[in-house]
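What the coordinates show
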Amino acid sequence: RAKAEGKNTYRLFNHSMNDKAVESLLIENDLRKAIKYDKLRLVYQPKIDLHDGRIIGVEALVRWDLDNGEVMSPGEFIPMAEETGLIVPLGKWVLDEACRQQRLWLDRGFKVGSVAVNLSPRQFLQIEFPDFIQSVLDKHQLEPSCLELEITESSAMENAQQSVQMLKRLHSMGVALAMDDFGTGYSSLAYLKRFPIDTLKIDRSFIRDIYHDSNDAAIAKSIIDLGHNMGLKVVAEGIESSDQKQWLKKQGCDYAQGFFFSKPISANEVEESFCHIRRKLELVASNDIGHG
Ligand code: C2E
Ligand code: MG
Ligand code: MG
Ligand code: MG
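As annotated in an unreviewed UniProt entry, the protein chain carries the name cyclic-guanylate-specific phosphodiesterase and is attributed to Pseudoteredinibacter isoporae.

Given below as structure tokens:
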């Protein structure tokens, strides 16, 4: 019986392995085409200054529009792109597109602050990566400070030695550097000190229950203090409520991002919200004159 079961299990295992392999091959092919035929798109999520509520930057997040009308989120295809190496052309497209959009915004007078782009380890650790960044900045005539690069804590720590070298090269070029999903990786403080970064982003998982879970609150507070003691700015990810916002503001967190402020939105919607803010300011100004 054991033997029969074993055989059966093997067959099932083998079968599902095949399915998986076929499926990922299909997705790989589709993604290759999507990159080639412009089926990828960027949405942008604002980062807010907790002290005055101003937008200090936007983070670019990639979306894949499938032929059947559905949208695939990066959590579903970035790992596969990373495995197959497709992340290199995909990552180049994302960087070029984010910089193109930033140039457009600047030309039209929209000061959105820096545009942040997420990087995967395989893309980031390419020896020619800094040259590529420089060529994109030159192409779109951007100051390096217009661009921020986000690398997750866990991928930075995976190749800590190489990451330090790469981050140093990028830092010396003047691009802003952020460590994403902070608190979920196994950071050694010795390395953290050696990473020439500007910003820590507290992972969403610690923010979710910040108001009810004293452990999460303690972790978030520790990250804010750690960041500040190292001269870094701290961003909280995934803020969904006013309570979370108030708490973080009280703890001295610098910036915040999350559905409470804005979901990721299209480039056009970013412009619309800026126009909206501008109209409000003009109204305030004209009222001031009126009553002046
Ligand atoms: P991330 O960089 O940590 O981005 C934050 C993710 O959390 C985004 O999901 C965003 O939509 C979501 N989010 C933001 N605020 C809230 C909130 O208040 N509540 C909830 N529940 N979620 C919130 P998204 O766009 O699905 O991206 C997931 C991850 O995929 C990103 O995590 C990033 O690591 C990766 N990613 C996205 N775009 C790219 C890209 O162009 N290149 C690479 N290499 N990775 C990317
Ligand atoms: Mg990010
Ligand atoms: Mg994150
Ligand atoms: Mg995250």
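Here the narrative resumes.
Our focus in this paragraph is the coordination of the magnesium ion (ligand 3). The protein atoms that coordinate the magnesium ion (ligand 3) are Asp 180 (OD), Asp 181 (OD), Glu 237 (OE) and Glu 237 (OE), at distances of 1.9 to 2.6 Å. Mapping the donors of the magnesium ion (ligand 3) onto the primary sequence gives the spacing D-D-x55-E. The two metals, the magnesium ion (ligand 3) and the magnesium ion (ligand 2), are separated by 4.0 Å and share Asp 180 as a common coordinating residue. Placement of the pair is Asp 180 in strand 6 (residues 176–182) and Glu 237 in the loop between strand 8 (233–236) and helix 11 (242–250), with a sequence separation of 57 residues.

Turning our eyes to something else, we now look at the site of ligand 1. Lining the immediate environment of ligand 1, one finds 21 residues, of which Arg 63, Ser 120, Asp 180, Glu 240 and Phe 259 sit closest. In this structure, an oxygen atom belonging to ligand 1 sits 3.0 Å away from a side-chain N or O atom of Glu 59. Between ligand 1 and the protein, one listed contact pairs an oxygen atom with a backbone N or O atom of Phe 259 at 2.8 Å. Protein contacts shield 82% of the accessible area of ligand 1, which totals 810 Å² for the unbound molecule. In this structure the site holding ligand 1 corresponds to the largest pocket.

Looking now at the layout of surface pockets. Within this model, the largest pocket holds a volume of roughly 970 Å³. In terms of lining, the largest pocket is formed by 37 residues, of which the most central are Glu 59, Leu 61, Pro 74, Asn 118 and Asp 180. Partitioned by chemical class, the residues of the lining of the largest pocket number 15 nonpolar, 12 polar and 10 charged. Forming the boundary of the second largest pocket are 14 residues, of which Arg 54, Lys 111, Phe 274, Ile 277 and Leu 281 lie nearest the centre. Elements with a minimum of two residues in the lining of the second largest pocket: strand 2 (55–65) and helix 12 (267–291). Of the residues forming the lining of the second largest pocket, the biggest block, four residues, is contributed by helix 12. Of the residues assigned to the lining of the second largest pocket, the class counts are seven nonpolar, three polar and four charged.

Okay, the environment of Leu 142 next. Positionally, Leu 142 belongs in the loop between helix 5 (129–139) and strand 5 (147–152). Judged by its relative accessible area of 9%, Leu 142 is buried. In this structure, the C-alpha to C-alpha distance between Leu 142 and Glu 237, residues 95 residues apart in sequence, is 27 Å. Setting aside chain neighbours within four positions, we find Leu 142 in contact with Cys 99, Gln 102, Arg 103, Leu 106 and Leu 137.

What counts as what
Residues numbered from 1 in each chain as written. Chains lettered and ligands numbered in written order. Predicted model: local features only at pLDDT ≥ 70, side-chain atom pairs only at ≥ 80, totals over all residues. Heavy atoms only, no water. Donors = N, O, S within 2.8 Å, 3.2 Å for Na, K, Ca; no water. Helix = DSSP H or I, 4+ residues; strand = E, 2+ residues; numbered from the N terminus. Near = heavy atom within 4 Å. Polar contact = N/O pair within 3.5 Å; in protein donor to acceptor, adjacent residues only side chain to side chain. Areas by Shrake-Rupley, 256 points an atom, 1.4 Å probe, with all protein chains shown as cover. 1 Å grid on protein atoms, 1.4 Å probe; cavity = no way out; pocket = protein on both sides within 12 Å on 5 of 7 lines; lining within 4 Å. Sits in = over half its atoms within 2 Å of the grid points. Points joined across faces, edges and corners; volume = space filled by probe spheres on them. Nonpolar A, V, L, I, M, F, W, Y, C, P; charged D, E, K, R; others polar. Buried < 20%, exposed > 50% of the residue type's maximum accessible area, 1.4 Å probe, protein only. Contact = heavy atoms within 4.5 Å.

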